[in-house]
Amino acid sequence: MPVRSLLAVLVLTLTGCAQPQPVATTDVTAPASERLVLPEDVHSYARPAEARVTDVALDLTADFAAKQLHGTATLTLDRAPDADEVVLDTRDLAIEQVTTPDGTPLTFTLGAADPFLGQPLTVTLPETGDRIVVHYRTSPEAAAVQWLSPDQTTGGTHPFVFTQGQAILTRTWMPTQDSPGIRQTYSAEVTVPTPLTAVMSAEMLTPEGEPAEDGTTYRFRMDEAIPPYLIALAIGDLDFREVGPRTGVWAEPSVVEAAAYELADMEAMIDAAEGLYGPYRWGRYDVLVLPPSFPFGGMENPRLTFATPTILAGDRSLVSLIAHELAHSWSGNLVTNATWADFWLNEGFTSYFENRIMEAVYGAEYARMLESLSRRDLAAEMADLPEADQHLFLDLDGRDPDDGMTAIAYDKGAAFLRTIEVAAGRERFDAFLRDYFDRHAFQPMTTERFLDHLDAELIRGDAALRARIQPEAWVYGPGLPDVAAPVVSEAFARVEAQAEAFLAGTAPESLETDAWTTHEWLHFLEVLPDGLSAEQLDALDAAFGLTETGNSEVLFAWLRTAIAHRYEPAFPALRDFLVRQGRRKFVLPLFQDLARTDWGRALAREIYREARPGYHAITAGSVDPVLGWEGG
Ligand SMILES: [Zn+2]
């Protein structure tokens, strides 16, 4: 590099260091010049510029018979000097009364109900004071709260309940300002029937619980301000096993040993993540393995990831999901999408970061396979999406934010960051990201602010670099931009050679599959063409035990192949898989595949009738329209 340009870089670097950006605040009582202006969130009724919730203190009792949580939420507010009311988000909550902390009743009104936004709860504030107490109970149908009967659990003896707040469901179990830009600390006292245990996305102050009149009370505290969708609760027959100094697993007693074995690498993953993006700022990192109806792979509730039991393959082959949830401790939980239109800032960053953790722990070849699978998922899903929904930044006005939870946010977002990495060089991009997390820790982030930050701190007027990245094409344009960094997996090239050999007549037993990981199997099944004969499918199943596999990802891929070929020997396993777990990623595509065929629709409805009672509302809500289900 010529000396002059080296000097220019030095000067730029020094200027960058000497002028750190002022850290904006969301405190409405701060001077306007220091305030972070939040974009309007079309998915919240809150008016945070007038009065903003800063802390939620819950005192709740879980009533399994009535399928209700009831008690109080004490909200601490930042009030603008002239604010005389506060607007909260609620949905399906029975509001009994609102008072001051000393019991003086306050006037409140509930507005008209919108199907997914719910109802605004407007409370007239007292002359002075910054706390209000809402007395309420949840509905048995609260969308965030799933009450499981004992036979929906693995143990089969005790009931179970868990919450899932993302995207806008926290308002169905507590009255608060339910917008990801409105960060709140929280604490909770939760009384549960003995001998059940309550766990939350917070520090557990009473691990043993305290005896109460009507059960056992557990107390929790989260001192870091988090977006309300990350407040989470689960209650069940739970055991704990330590995995490392700051890591462990919670699960039903019959599952906890398998979970601890499967997740043994968690501590190494945290070390790898810290090496990349700076300190883990949440204290402990535990994983709660939920009963099989959990609709998602995982949910990154801080300090306590909620995870599907479908990752328990017995051979640690599906732990990239934990790398993903752990990565959210930086992207999502630390720096958070300000609105759901910015969702890619949570998921694209996290998917990229997940891949980097997997590379650090399991090697580059493994990470390239994951990346290659991610690109393929993206291409498949993009083909079905309208162009406007292929932008990273979405227009979700008047829509359910779940509409934006597609592969675009995850896989196109990750491809964007990977492209920046390749264009700028890994070392420089890593330094940029680490600085980004440090500067914006515990803050909401908008797409526009990120693009400004990218220009100011990484691109820095370098037109050639900008041309290799093309940020606007990614964020405001459809499809995968031409500049996207290519993905090459040599391991997958070897898999393709084996698939060709099979198609050319080599017996499955003679294929070179011994060292294959889950990802190689997934790729093998994916590259097999349509139109295989029943004999070919029989031979594959006999050689590799695909119908019997305990690996949920491989089984899922095989079942899709089976449906595509109407391979009926696999259908009992298909039915069993759809009935025994409710992870939407698996359930929805299988029902879609069946519904697309002329012969499969009736079968799909028959299986769904059996499976649906065990599903979470989120999964059922996705499948219902596919099968035209109206309670029949
Ligand atoms: Zn995620």
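In this text the structure is predicted, and so the values were computed from the model without any measurement. (Residues numbered from 1 in each chain as written. Predicted model: local features only at pLDDT ≥ 70, side-chain atom pairs only at ≥ 80, totals over all residues. Heavy atoms only, no water.)

1. Focus on the overall build of the protein
Across its full length, the protein holds 19 helices and 22 strands. Radius of gyration (C-alpha) of the protein: 25 Å, near the 26 Å computed for a compact globule of 632 residues. Dimensions of the protein, computed from the C-alpha atoms along their principal axes, are close to 85 × 75 × 45 Å. Counting only residues that meet the buried cut, the protein has 58% of its 632 residues in that class. Put simply, 71% of the contacts in the protein that link residues at least 6 apart link residues at least 24 apart. Accessible surface, the protein: about 25000 Å² in total, of which carbon and sulfur atoms supply 51%. (Helix = DSSP H or I, 4+ residues; strand = E, 2+ residues; numbered from the N terminus. Rg over C-alpha atoms; globule rule 2.2 N^0.38 Å. Buried < 20%, exposed > 50% of the residue type's maximum accessible area, 1.4 Å probe, protein only. Contact = heavy atoms within 4.5 Å. Areas by Shrake-Rupley, 256 points an atom, 1.4 Å probe, with all protein chains shown as cover.)

2. Some points on the packing of aromatic side chains
Going through the model one piece at a time under the given rule, you end up with 41 aromatic pairs. For the ring pair tryptophan 344 and phenylalanine 416, a centre distance of 5.7 Å and an interplane angle of 45 degrees mean the geometry is tilted. Of this pair, tryptophan 344 sits in helix α5 (residues 343-362) while phenylalanine 416 is found in helix α7 (residues 407-424), placing the two residues 72 residues apart along the sequence. You'll find tryptophan 344 and phenylalanine 416 in the same group, each marked buried. Ring centres of tyrosine 436 and phenylalanine 437 lie 5.4 Å apart, and the angle between their planes is 65 degrees; on these two criteria the pair is classed as edge-to-face. For tyrosine 436, a relative accessible area of 2% puts it in the buried group. Classification of phenylalanine 437 as buried rests on a relative accessible area of 2%. Of note, arginine 316 hangs over the ring of tyrosine 261, and the distance from its end group to the ring centre comes to 3.9 Å. (Phe/Tyr/Trp six-rings, centres within 6.5 Å; stacked < 30°, edge-to-face > 60°. Lys NZ or Arg CZ within 6 Å of the ring centre and 35° of its normal.)

3. What to know about the coordination of the zinc ion
Note on the zinc ion: its protein donors are His324 (NE2), His328 (NE2), Glu347 (OE) and Glu347 (OE). The metal-donor distances range over 2.0 to 2.7 Å. Coordination geometry of the zinc ion: the four donor atoms subtend angles of 53 to 151 degrees at the metal centre, consistent with an arrangement described as irregular. In primary-sequence terms, the residues that donate to the zinc ion follow H-x3-H-x18-E. (Donors = N, O, S within 2.8 Å, 3.2 Å for Na, K, Ca; no water. Tetrahedral: all angles 85-135°; square planar, octahedral: opposite > 155°, others 65-115°.)

4. Side note on the sheet that holds strand β9 (residues 160-163)
The strands making up a sheet associate through hydrogen bonds between their backbones, and the pairing can be parallel or antiparallel. Taken in spatial order, the four strands line up as β8-β9-β15-β11 in an open sheet, and their pairing is antiparallel. Lying at the two open borders of the sheet, with one neighbouring strand each, are β8 (145-148) and β11 (197-200). Neighbouring strand axes in the sheet, compared pairwise and without regard to direction, differ in orientation by 10 degrees on average. Two strands pair when backbone bridges link them, and β11 and strand β15 (residues 233-236) are joined in this way by four bridges, in the antiparallel orientation. Each residue of the ladder has a partner; that of methionine 200, found in β15, is leucine 233. (Pairing = 2+ DSSP bridges. Axes fitted to C-alpha atoms, helices over the stretch in contact; angles between N-to-C directions.)

5. Topic: the sheet that holds strand β5 (residues 108-110)
Across the sheet, three strands lie side by side as β3-β6-β5; this open sheet has antiparallel pairing. Looking at which strands have only one partner, the edges of the open sheet turn out to be β3 (85-90) and β5. Going across the sheet, the axis of each strand differs from the next one's by a mean of 20 degrees, ignoring polarity. Here β3 pairs with strand β6 (residues 119-124) via six bridges, running antiparallel. Residue pairing in the sheet places valine 86 in a bridge with valine 123 of β6.

6. A look at the side chain of glutamine 177
Tracing the sequence through the fold places glutamine 177 in the loop between β9 and β10 (184-192). Looking at glutamine 177, its side chain comes within polar contact range of the main-chain oxygen of valine 87, at 3.1 Å. Here glutamine 177 is in contact with Ala46, Arg47, Ala51, Arg52, Val53, Val86, Val87, Leu88, Asp89, Ile182, Gln184 and Pro228, once residues within four sequence places are set aside. (Polar contact = N/O pair within 3.5 Å; in protein donor to acceptor, adjacent residues only side chain to side chain.)

7. So, the confidence of the model for the protein
Across the protein, pLDDT averages 93, with 94% of residues at or above 70. Low pLDDT, under 50, characterises residues 1-23; the predicted model gives this stretch ten contacts beyond four residues in sequence or across chains. (pLDDT = per-residue confidence, 0-100.)

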